[in-house]
Amino acid sequence: MVLKTQTCRFSGLRIYPGKGVLFIRVDGQQFLFLKQKCRSLFIQRKRPAKLAWTTLYRKQHRKDQEAQVARKKRRNVTKAATRSVAGASLEVIQKKKSEKPEARKASREAALREIKERAKKAKADKAVQKQQAKASGAGKAVKNMPKGAGKGGAKSTGR
């Protein structure tokens, strides 16, 4: 048979069925105390943390420690694992790690040179296209023209 116990609002000790003192405050809040001593001390506004026999005092002064000794602190050890990244596989990453700094520098410079050449070529192509557009002259677009204007320029909207 299991007994439903309640805890004392002052001392924190267990109150068995049929025991205890119920104190109802003016605002309707109920307080259940183990004995008249707890009720009296509560009404006197004594602090349970300063009385050595209450559970709050024992908890604050670390008196019941044998139950907590059983638990040991565990540290999570993080393992550094090398994984493949979105663009490169694991083998490529390992290969880049193992290559010498001189080789790495040379490959970097070659890549930069290639990017610069590509940019120069794109610029030259753009200049050629601009020259061709200027030479033809027919495909000249008029800027800042209203949407419904057409060839004749700005017309009234009929307002």
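Residues numbered from 1 in each chain as written. Predicted model: local features only at pLDDT ≥ 70, side-chain atom pairs only at ≥ 80, totals over all residues. Heavy atoms only, no water.

**Q** Please set out the nonpolar core residue by residue, giving values where relevant.
**A** Within the largest apolar cluster, 9 residues are counted, these being Cys-8, Phe-10, Ile-15, Phe-23, Phe-31, Leu-32, Phe-33, Cys-38 and Leu-41. Listed by contribution, the elements that provide at least two residues to this core are strand E4 (30-33) and helix H1 (36-43). Top contributing element to this core by residue count: E4, with 3 residues. Residue contacts for Phe-31: discarding those within four places in its chain leaves Arg-9, Val-21, Leu-22, Phe-23, Arg-25 and Phe-42. (Core = buried A, V, L, I, M, F, W, Y, C linked by side-chain atoms within 4.5 Å. Buried < 20%, exposed > 50% of the residue type's maximum accessible area, 1.4 Å probe, protein only. Helix = DSSP H or I, 4+ residues; strand = E, 2+ residues; numbered from the N terminus. Contact = heavy atoms within 4.5 Å.)

**Q** An account of the UniProt feature "domain: TRASH" (unreviewed entry) in the chain is needed here, citing residue identities and associated values.
**A** UniProt marks residues 8-46 with the feature "domain: TRASH" (unreviewed entry), using the numbering shown here. Secondary structure within residues 8-46 divides into 21% helix and 26% strand; the distance between the first and last C-alpha atoms comes to 15 Å. (UniProt positions renumbered as here; feature names shortened; annotations may be inferred.)

**Q** So what about the state of the cysteines? Which residues, and what values?
**A** The final tally for this structure, using the stated rule, is 0 disulfides. Between Cys-8, a cysteine without a disulfide, and Cys-38, which holds the nearest cysteine sulfur, the sulfur-to-sulfur distance is 3.9 Å. The exposure class assigned to Cys-38 is buried, which follows from its relative accessible area of 0%. (Disulfide = S-S within 2.5 Å.)

**Q** Run through the pattern of salt bridges, naming residues and quoting values.
**A** Under the criterion given, the structure shown has 2 salt bridges. Across the salt bridge formed by Arg-118 and Glu-114, the nearest N and O atoms sit 2.8 Å from each other. Placement of the pair is Arg-118 and Glu-114 together in helix H5 (residues 101-136), with a separation of 4 residues, close to one helical turn. Judged by relative accessible area, which is 45%, Glu-114 ranks as partly exposed. (Salt bridge = Lys/Arg side-chain N within 4 Å of Asp/Glu carboxyl O.)

**Q** Provide a residue-level description of the packing of aromatic side chains, including the pertinent values.
**A** For any two aromatic rings, the description comes down to two numbers: the centre-to-centre distance and the angle of the planes. Counting across every chain of the model gives 7 aromatic pairs. Relative to Trp-53, the ring of Phe-10 lies with its centre 6.3 Å away and its plane at 45 degrees, an arrangement referred to as tilted. Note that Phe-10 is positioned in the loop between strand E1 (6-7) and strand E2 (14-15) and Trp-53 in the loop between H1 and helix H2 (55-60), a separation of 43 residues in sequence. Members of the aromatic cluster, joined through ring pairs, are Phe-23, Phe-31, Phe-33 and Phe-42. (Phe/Tyr/Trp six-rings, centres within 6.5 Å; stacked < 30°, edge-to-face > 60°.)

**Q** Outline the pairing of E4, supporting the account with residue identities and numerical values.
**A** Note that strand E3 (residues 21-24) and E4 share 4 bridges and pair antiparallel. Looking at E4, one finds that Ile-24 is bridged to Gln-30. Between E3 and E4, which pair antiparallel in sequence order, lie 5 residues; one of them, Gly-28, sits at a positive phi of approximately 95 degrees. (Pairing = 2+ DSSP bridges.)

**Q** Explain unusual backbone geometry to me, using residue names and the numbers behind them.
**A** Generally, phi is negative for residues other than glycine and the peptide bonds are trans, each holding for most cases. The backbone phi angle of Arg-45 is positive, close to 60 degrees, even though this residue is not glycine. Looking at the element boundaries, Arg-45 is found in the loop between H1 and H2. Backbone geometry places Arg-62, a non-glycine residue, at a positive phi of 50 degrees. Tracing the backbone through its elements, the reader meets Arg-62 in the loop between H2 and helix H3 (66-69). With a relative accessible area of 64%, Arg-62 lands in the exposed category.

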